[in-house]
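Summary of the model geometry
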Amino acid sequence: MSFGPIILTVAGRHVDLELKVAAPASGKNLPIILLSHGHGASNFLSSYRGYGPIVDFFAAAGFVVIQPTHQNSKALGLSSSLPEAPLFWSSRPADMSFILDHLDEIIFTVPGLSGRVDETKIAAIGHSLGGHTVAMLAGMEVKHPTTGEIMNLTEPRIKAPVLIGLPGGPDGLTGAARHHYPVLAASDFSTMILPSLIVNGDKDKNPMFSDLDNWRADAYYQSPGPKDLLTVFGAEHIFGGISGYDALETSDENPERVAFVCETILSYIRSTFDPTDQSWEQAKKNLNGVQGALGSIDSKL
């Protein structure tokens, strides 16, 4: 079932925070996933209306999926002259922490959901700019390009951060990207302390941002452990179509790849929530060194 929009007033935000909740119609002790959308050129995929393939999969797997519309969404039409536009990069992780602060209110608002949620088991999944958002929640520090302030928005309530196709490190950025998105040149993965899963497509390369192969895997290599890296073979930036069903922006449309990405992330989250769960170790055995596998997994402590 899904319910939305839920509208929350947030001090200092240009508009109210709108979000949608999707959840199983039955069951108890349901864990939570916060889903942070990307940027992109589309009007509604980067909002609570997008990412249907991920939302439907995890709701069917027994999760409560909470989707905020961040202020960078084109659906809101905010002026590009506002501070931190067009990315609104610091308000995005603030949105996520605000949701955690108001979980009881959100759960109560959704008919039939009260008493069915395990608020101690929280994961966060972010794609593209959403990956940058989740990286900040996992401890990545950002030096404010204007004020020079060091921003640390680590959110320890999130037990399983998952970063999909996020921007890589400053050293690999092109000059154009530094000019248009200076915050990407001010990010520091060396402080990203929370255990996390980084998901990288080995064909996810955009010369506008970086000329380097696998630049979007930098979060794994430049951060301290424990970290895991899922490399998806043949995947471009939309990983087969995770941002929306039949979305025009998907350059590598492949439903099998979407299912693989979702199922492998599910294995990671399950094993993170329950140390006795062997799903993640089994995923490694199923992929690493196996001919015809759709990806591989690296880990560091």
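Before reading further, recall that the structure is shown in the block above.
Anyway, here's the lowdown on the structure attached to this text. All of these numbers come straight from a predicted model, not from anything done at the bench. (Residues numbered from 1 in each chain as written. Predicted model: local features only at pLDDT ≥ 70, side-chain atom pairs only at ≥ 80, totals over all residues. Heavy atoms only, no water.)

1. Points about the pairing of strand S8 (residues 160-164)
Across the five residues that make up S8, a large majority, five, are buried. Taking every second residue as pointing to the same face, both faces of S8 are buried, with Ala160, Val162 and Ile164 on one and Pro161 and Leu163 on the other. (Buried < 20%, exposed > 50% of the residue type's maximum accessible area, 1.4 Å probe, protein only. Helix = DSSP H or I, 4+ residues; strand = E, 2+ residues; numbered from the N terminus.)

2. A few points about the environment of Ser46
Here Ser46 is to be found in the loop between strand S3 (30-36) and helix H1 (52-60). Each residue touching Ser46, except ones within four places of it in the same chain, is listed here: His37, Gly38, His39, Gly40 and Ser73. Only 3.1 Å separates the side chain of Ser46 from the backbone oxygen of Gly38, close enough to count as a polar contact. (Contact = heavy atoms within 4.5 Å. Polar contact = N/O pair within 3.5 Å; in protein donor to acceptor, adjacent residues only side chain to side chain.)

3. With respect to the pattern of salt bridges
Where charged atoms from two side chains of opposite charge come close, those side chains can pair. Under the defined criterion, the tally for this structure stands at eight salt bridges. Asp95 is the partner of Arg13 in a salt bridge, and the nearest nitrogen-oxygen pair spans 2.9 Å. Separated by 82 residues along the polypeptide, Arg13 in the loop between strand S1 (2-8) and strand S2 (17-22) and Asp95 in helix H2 (residues 91-101) bring together distant segments of the chain. A relative accessible area of 11% places Arg13 in the buried class. (Salt bridge = Lys/Arg side-chain N within 4 Å of Asp/Glu carboxyl O.)

4. Here we look at the nonpolar core
Judged by nonpolar contacts, the single largest core of 54 residues is most densely connected at Leu19, Val21, Leu34, Val64, Ile66, Leu113 and Met192. For this core, the element with the most residues is helix H4 (residues 129-137), which contributes five residues. Contacts of Leu113, omitting those with residues within four sequence positions, involve Met1, Val21, Ala23, Leu30, Val64 and Ile107. Counting residues in hydrophobic clusters, the runner-up holds 36 residues, among them Ile33, Ile242, Val258 and Ile265. (Core = buried A, V, L, I, M, F, W, Y, C linked by side-chain atoms within 4.5 Å.)

5. Let's talk about the sheet that holds strand S7 (residues 150-151)
Taken in spatial order, the three strands line up as S7-S6-S9 in an open sheet, and their pairing is antiparallel. The open sheet has two free edges, formed respectively by S7 and strand S9 (187-188), since each of these has just one partner strand. Across two bridges, the pairing between strand S6 (residues 141-143) and S7 is antiparallel. Residue Val142 lies in a different strand from S7, and its bridge partner there is Met151. (Pairing = 2+ DSSP bridges.)

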